[in-house]
Amino acid sequence: MKVKRIVTNIQTKDIEKAKKFYQDVLGLDLLMDHGWIATYGSKDNMDIQISFASQGGSETDTPDLSIEVDDIDEAYIRMKDGGFNIEYGPVDEPWGVRRFYVRDPFNNLVNILTHRE
């Protein structure tokens, strides 16, 4: 298992405030907008993204950090074997990801995900 991408999520009730600073001023592209989350980044390079969310999707808490992996089942097994607290999932979400939430050693809620093919 290898990490493919890390996405930072910022909790906010006013997602539209992100547009002026991140899209209009910094020139990032709006990569995704589901209403409850807007993700800005570069279409040319998916290494940098900042998401602004009013929830984590499926009425879950907004995770502090999202980490995309190439093998979600292996990541889940490693987290369980490591004794980390799984708080949600694994679950296939309607927007095309399979994911679970886990608490890191610092009590951050981390969204571990993979995009379904």
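Each value, and the rule that gives it
Residues numbered from 1 in each chain as written. Predicted model: local features only at pLDDT ≥ 70, side-chain atom pairs only at ≥ 80, totals over all residues. Heavy atoms only, no water. Core = buried A, V, L, I, M, F, W, Y, C linked by side-chain atoms within 4.5 Å. Buried < 20%, exposed > 50% of the residue type's maximum accessible area, 1.4 Å probe, protein only. Helix = DSSP H or I, 4+ residues; strand = E, 2+ residues; numbered from the N terminus. Phe/Tyr/Trp six-rings, centres within 6.5 Å; stacked < 30°, edge-to-face > 60°. Contact = heavy atoms within 4.5 Å. Polar contact = N/O pair within 3.5 Å; in protein donor to acceptor, adjacent residues only side chain to side chain. Salt bridge = Lys/Arg side-chain N within 4 Å of Asp/Glu carboxyl O.

S.K.: Any chance you could break down the nonpolar core for me, citing the residues and the numbers?
M.R.: Formed by Ile 67, Val 69, Ile 72, Ala 75, Ile 86, Phe 100, Val 102, Val 110 and Ile 112, the largest nonpolar core amounts to 9 residues. The next biggest cluster of nonpolar side chains, apart from the first, holds 8 residues, and it includes Ala 18, Leu 28, Ala 38 and Ile 50.

S.K.: Give a description of unusual backbone geometry that names residues and reports values.
M.R.: Between Gly 89 and the following residue, Pro 90, the backbone shows a cis peptide bond with an omega angle of 10°. One non-glycine residue with positive phi stands out, namely Ser 58, at about 55°. Counting through the fold element by element, Ser 58 comes out in the loop between strand S4 (49-53) and strand S5 (65-69). For Ser 58, a relative accessible area of 38% translates into the label partly exposed.

S.K.: Before we move on, could you go through the packing of aromatic side chains and cite the residues and values that matter?
M.R.: Enumeration over the complete set of coordinates arrives at 6 aromatic pairs. Measuring from centroid to centroid gives 4.8 Å for Phe 21 and Tyr 22, while their planes differ by 70°, and the two rings are edge-to-face. Using a relative accessible area of 47% as the deciding quantity, one classes Phe 21 as partly exposed. Members of the aromatic cluster, each reached through a chain of ring pairs, are Phe 21, Tyr 22, Tyr 40 and Phe 52.

S.K.: Go over the environment of Ile 86 with me, naming the residues and quoting the values.
M.R.: Assignment of secondary structure puts Ile 86 in strand S6 (residues 86-92). Taking the C-alpha atoms as reference points, Ile 86 and Arg 103, separated by 17 residues in sequence, lie 6.8 Å from one another. If we ignore the near neighbours within four places in the chain, the residues touching Ile 86 are Tyr 76, Met 79, Lys 80, Phe 100, Tyr 101 and Val 102.

S.K.: Give me the lowdown on the side chain of Asn 111, citing residues and values where you can.
M.R.: Within the secondary structure layout, Asn 111 lies in strand S8 (residues 109-115). For Asn 111, a relative accessible area of 6% puts it in the buried group. Looking at Asn 111, its side chain comes within polar contact range of the side chain of Ser 66, at 3.1 Å. For Asn 111, the contacting residues outside a window of four places in its chain are Pro 63, Leu 65, Ser 66, Ile 67, Arg 99, Phe 100 and Tyr 101.

S.K.: Give a description of the pattern of salt bridges that names residues and reports values.
M.R.: Taken as a whole and assessed by the stated rule, the structure comprises 9 salt bridges. We note a salt bridge from Arg 98 to Asp 73, for which the minimum N-O separation is 4.0 Å. In this pair, Arg 98 sits in strand S7 (residues 97-103) while Asp 73 sits in helix H2 (residues 72-81), placing the two residues 25 residues apart along the sequence. Its salt-bridge partner being Asp 92, residue Arg 116 comes within 3.9 Å of it at the nearest N-O pair. Of the two residues, Arg 116 sits in the segment after S8 while Asp 92 sits in strand S6, which places them 24 residues apart along the sequence. Each of Asp 73, Asp 92, Arg 98 and Arg 116 takes part in a single network of salt bridges with overlapping partners.

From the geometry alone we can't say anything about function, so treat these as descriptive.
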